[in-house]
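# Examination of the molecular architecture
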Amino acid sequence: VQLQASGGGLVQAGGSLRLSCTVSGRTFSGYYMSWFRQAPGKERQFVAGIRSTEGSTLYTDSVKGRFTISRDSAKNTVYLQMNSLKPEDMAVYYCASPRFSGTMPTIKEGEYAYWGQGTLVTVSS
């Protein structure tokens, strides 16, 4: 199983970016998908997750109303649209796929077996 993340970059505060993560090596539709992030000197934290089929999503409080997670099963890709970016959003963002099939995403990092390589998001103030 491989996850290939892309889309990070440098953006001014208030700007937008869209991250993408393409999954290969497993049946995409059978697994929920999530994004995590890790800021310098901090632990990796859950950002957003989307269930295995279109529909329910889960967000950490700090990104609600600004970030949107979505998935395109035809492209085996999950997206994270990030709007109204703040300096505190600056981090390396990782997409993640769980160890076992399931429908609803979890914030528990240990449940994820496969990780993308990380893509850096830099927000200038």
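The preceding data block contains the structure.
Below is a short write-up of the structure. (Residues numbered from 1 in each chain as written. Predicted model: local features only at pLDDT ≥ 70, side-chain atom pairs only at ≥ 80, totals over all residues. Heavy atoms only, no water.)

Right, let's talk about the state of the cysteines for a bit. Scanning the model with the defined rule gives 1 disulfide in all. Through a disulfide, cysteine 21 is tied to cysteine 95; the S-S separation comes to 2.1 Å. Across the disulfide from cysteine 21 to cysteine 95, rotation about the S-S bond amounts to roughly 65°, and the bridge is consequently right-handed. Of this pair, cysteine 21 sits in strand S3 (residues 17-24) while cysteine 95 sits in strand S9 (residues 91-98), placing them 74 residues apart in sequence. No difference in accessibility class separates cysteine 21 from cysteine 95, as the two residues are buried. (Disulfide = S-S within 2.5 Å. Helix = DSSP H or I, 4+ residues; strand = E, 2+ residues; numbered from the N terminus. Buried < 20%, exposed > 50% of the residue type's maximum accessible area, 1.4 Å probe, protein only.)

The subject of this paragraph is the pairing of strand S7 (residues 67-72). In S7, alternate side chains face the same way, and those of Phe67, Ile69 and Arg71 are buried while those of Thr68, Ser70 and Asp72 on the opposite face are not. By the bridge criterion, 6 bridges tie S7 to strand S8 (residues 77-82) in an arrangement that is antiparallel. When the bridges of S8 are listed, aspartate 72 appears paired with threonine 77. Taken together, S7 and the strand that follows it, S8, pair antiparallel across an intervening segment of 4 residues, in which asparagine 76 is found at a positive phi of about 50°. (Pairing = 2+ DSSP bridges.)

Looking now at the nonpolar core. The biggest cluster of nonpolar side chains holds 27 residues, and the ones touching the most others in it are Trp35, Leu80, Met82 and Tyr93. When contributions to this core are tallied by element, the ones reaching two or more residues are strand S1 (2-6), S3, strand S4 (33-38), strand S5 (45-50), S7, S8, S9 and strand S11 (119-124). A per-element tally of this core places S3 first, with 4 residues. In this structure, leucine 80 is in contact with Leu17, Arg18, Leu19, Trp35, Val47, Ala48, Phe67, Thr68, Ile69 and Tyr93, ignoring residues within four places of it in sequence. (Core = buried A, V, L, I, M, F, W, Y, C linked by side-chain atoms within 4.5 Å. Contact = heavy atoms within 4.5 Å.)

On to the pattern of salt bridges. With the rule as written, the count across this model stands at 4 salt bridges. Among the ionic pairs, aspartate 89 bridges to arginine 37, the shortest N-O distance being 3.0 Å. Here aspartate 89 is found in the loop between S8 and S9, whereas its partner arginine 37 is found in strand S4, with 52 residues between them in sequence. Its relative accessible area of 1% is what places aspartate 89 among the buried residues. On the basis of relative accessibility, which here comes to 6%, the residue arginine 37 falls in the buried class. Between aspartate 89 and arginine 66 there is a salt bridge, and its shortest N-O distance comes to 2.7 Å. Taken together, the residues aspartate 89 in the loop between S8 and S9 and arginine 66 in the loop between strand S6 (57-59) and S7 connect sequence positions 23 residues apart. Take aspartate 89 and arginine 66: they sit in the same class, and that class is buried. Within this structure, Arg37, Arg66 and Asp89 form a network of salt bridges that share partners. (Salt bridge = Lys/Arg side-chain N within 4 Å of Asp/Glu carboxyl O.)

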